[in-house]
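As a plain string of letters, each chain reads:
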Amino acid sequence: RLLQAFRVDVIREDGDSLEFDMVGIDAAIANAFRRILLAEVPTMAVEKVFVYNNTSIVQDEILAHRLGLIPIRADPRLFEYRNQGDQEGTEIDTLQFQLKIKCRRNPQAAKESSDPDELYFNHKVYSKHMTWVPLGNQTDLFPDADFRPVHDDILIALLRPGQEIDVLMHCVKGIGKDHAKFSPVATASYRLLPDITLLKPVEDEAAETLQKCFSPGVIEIQNIKGKKVARVANARLDTFSREVFRHEGLKNLVRLARVRNHYIFSVESTGILPPDVLVSEAIKILMGKCQRFLNELDSVPME
C-alpha cells in the first residue's frame, strides 16, 4: 500500500538548487537519501599537490588544503577510482591541473597610488588561473571537455612583487565519507510538511494577530460578510516558530502538527553536477546497496 502511495513531486529547480517532495516513504529511507547525497555520491577533487615553488606567505600545506576544497567541474562518472597503492595517476583515474603565477609591479602605476590592483599585476591568485594539463590520451578521450574549477573567482592566495606559486595538482575520484572535499552538495536536508489546523473561527483583530505569528503567506485573511476571517493558505511556508503559543487567546485555537510521511527535500549542489543528477545518482547507489544486501541474504545458507 505504501508503494502505491509513494510519489515524488519536483517543486522548484533553480540552477544549483532543487526542492522536491517525497511522499509515502519511511523516515529511514528519507534519511538514507540525505546521507548518500552528503557522503557517498562521488566527485573529483584535488588530492595531491606537487609544489615546485611557493614563495607566497601561504604555507605549502595550507595552500594544498585550499586547493583541495575548490570544486572541480568534471563528471566523476567518466573516471575510475585510483588504486590505493598507485603513486602515478593515469588518464582514466586522474585529472591534472597546473597553477603557475608570479606577481610583479605595474610600471605604469601612478606614484601616489596605494591600490594593490593598480600597483601590481597578478597579486590575487584565483581559481581561474588553474589550467587543465591533459594526461596521456585525455585530449582524444575527452575532445569536448572543459575541465576547470566550477567558479573562476575563488581567491586562493595574495602575492606581492617577486612572490610566485608554481604547483601541479592531481584530482582523483572520491566520496564525502573519506573527505568532505569530495561532497557534491553544499546542503542536503529534509523537513516534514507542516500541518496547521484552526480549531475554531478566528476573526477580526485575532485574525490579524494570528497572521503575524506565522511566516508570510501561511495565513491569509478573507473578508466574509464584513468580518475579517483567518484561513490557512499555505502551511508549507511555515517555519514552526511556535510564536502563536505566546498568545493566551490564540494558543487553544490552533493545532500544529507535521505530516509524518511527507518529506520536503532541499538539495543545493556545489556546481559539479546538477542537483537532479545528484538525486538520481543517490537513488542508484541506494538501489545498489539494497541489491548487495539481497545477494548476501541469498548466499547465506538457511538452516
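Keep in mind the model is a prediction, meaning the values are calculated, not measured.

Student: Mind showing me how you'd approach the layout of surface pockets here?
Tutor: Unoccupied space between atoms shows up once a probe the size of one water molecule is rolled over them. Here the largest pocket is characterised by a volume of approximately 330 Å³. In this structure, the largest pocket is lined by 14 residues; those nearest its centre are E47, R82, Q84, V172 and K173. Elements supplying a minimum of two residues to the lining of the largest pocket: β3 (43–54) and β12 (164–174). Residues that form the lining of the largest pocket fall into these classes: four nonpolar, four polar and six charged.

Student: Hey, could you run me through the packing of aromatic side chains in this one?
Tutor: What the rule picks out here adds up to seven aromatic pairs. Judged by centre distance (5.3 Å) and plane angle (40°), the rings of F79 and F142 are tilted. Pair noted here: F79 is in the loop between β4 (72–73) and β5 (95–102) and F142 is in the loop between α5 (138–141) and β10 (148–149), with a separation of 63 residues, a long-range link. Judged by its relative accessible area of 2%, F79 falls in the buried class.

Student: Help me understand the domain arrangement of the protein, please; the structure alone is not making it clear to me.
Tutor: When the parts of a complex come together, some accessible area is lost, and that lost area is often used as the size of the interface. Its domain assignment divides the protein into domain 1 (2–39 + 188–265) and domain 2 (44–182). Taken over C-alpha atoms, the centre of domain 1 sits 44 Å from the centre of domain 2.

Student: What is the right way to look at a negative patch on the surface in this model?
Tutor: Taken together, E13, D14, D16, E268 and D276 make up a surface patch of like negative charges. Relative to the assigned elements, E13 resides in strand β1 (residues 7–14). Residue classification places E13 among the partly exposed residues on the basis of a relative accessible area of 48%.

Student: How should I be thinking about the sheet that holds strand β13 (residues 185–198) in this particular structure?
Tutor: Backbone hydrogen bonds hold the strands of a sheet together, and the pairing may be parallel or antiparallel. Pairing in this open sheet of four strands is antiparallel, and the strands run β1-β2-β16-β13 from one edge to the other. Each edge of the sheet is formed by a strand with only one pairing partner; in this case those strands are β1 and β13. When the angles between neighbouring strand axes are averaged without regard to direction, this sheet yields 25°. In this structure, β13 lies alongside strand β16 (residues 254–269), joined through 13 bridges in antiparallel fashion. Following the sheet pairing, R191 is matched in β16 by I264.

Student: I'm lost on the nonpolar core in this one. Help?
Tutor: As a rule of thumb, soluble globular proteins bury nonpolar side chains together. One finds L67, L99, M130, I156 and I165 to be the most contacted residues of the largest nonpolar core, which totals 26 residues. Broken down by secondary-structure element, the contributors of at least two residues to this core are β3, α3 (60–68), β5, β11 (155–158) and β12. With residues near it in sequence (within four places) discarded, L67 still touches V46, V49, L99, M130, I156, V167 and M169. Counting residues in hydrophobic clusters, the runner-up holds 23 residues, among them V150, Y263, V267 and L278.

Student: Looking at this model, I keep getting lost on the pattern of salt bridges. Mind explaining?
Tutor: Pairing between side chains of opposite charge can happen when the charged atoms of each approach one another. All chains considered together, the criterion is met by 17 salt bridges. Across the pair K227 and E203 runs a salt bridge whose closest N-O atoms are separated by 3.4 Å. Pair noted here: K227 is in strand β15 (residues 227–232) and E203 is in the loop between β13 and α6 (204–213), with a separation of 24 residues, a long-range link. For K251, the salt bridge identified is with E248, shortest N-O distance 3.2 Å. Look at the salt bridges and you will find they share partners, linking R12, E19, D21 and R236 into a network.

Student: What exactly am I supposed to notice about the UniProt feature "domain: DNA-directed RNA polymerase RpoA/D/Rpb3-type" (unreviewed entry) in the protein here?
Tutor: Per the UniProt annotation, the sites labelled "domain: DNA-directed RNA polymerase RpoA/D/Rpb3-type" (unreviewed entry) are residues 17–296. From the first C-alpha to the last, residues 17–296 spans 37 Å; its make-up is 22% helix and 35% strand.

Student: I'm lost on a nonpolar patch on the surface in this one. Help?
Tutor: Nonpolar side chains collect at one region of the surface, where F293, L294 and L297 lie side by side and expose about 310 Å² of accessible area between them. Its location among the elements puts L297 in helix α7 (residues 275–299). A relative accessible area of 45% means that L297 is categorised as partly exposed.

Conventions and cut-offs
- Residues numbered from 1 in each chain as written.
- Predicted model: local features only at pLDDT ≥ 70, side-chain atom pairs only at ≥ 80, totals over all residues.
- Heavy atoms only, no water.
- 1 Å grid on protein atoms, 1.4 Å probe; cavity = no way out; pocket = protein on both sides within 12 Å on 5 of 7 lines; lining within 4 Å.
- Points joined across faces, edges and corners; volume = space filled by probe spheres on them.
- Helix = DSSP H or I, 4+ residues; strand = E, 2+ residues; numbered from the N terminus.
- Nonpolar A, V, L, I, M, F, W, Y, C, P; charged D, E, K, R; others polar.
- Phe/Tyr/Trp six-rings, centres within 6.5 Å; stacked < 30°, edge-to-face > 60°.
- Buried < 20%, exposed > 50% of the residue type's maximum accessible area, 1.4 Å probe, protein only.
- Domains from an automatic or database assignment.
- Patch = residues over 30% accessible without salt bridge, like charges linked within 9 Å, V, L, I, M, F, W, Y side chains within 5 Å.
- Areas by Shrake-Rupley, 256 points an atom, 1.4 Å probe, with all protein chains shown as cover.
- Salt bridge = Lys/Arg side-chain N within 4 Å of Asp/Glu carboxyl O.
- Lys, Arg positive; Asp, Glu negative; His and termini not counted.
- Charge placed at Lys NZ, Arg CZ, Asp CG, Glu CD.
- Pairing = 2+ DSSP bridges.
- Axes fitted to C-alpha atoms, helices over the stretch in contact; angles between N-to-C directions.
- Core = buried A, V, L, I, M, F, W, Y, C linked by side-chain atoms within 4.5 Å.
- Contact = heavy atoms within 4.5 Å.
- UniProt positions renumbered as here; feature names shortened; annotations may be inferred.

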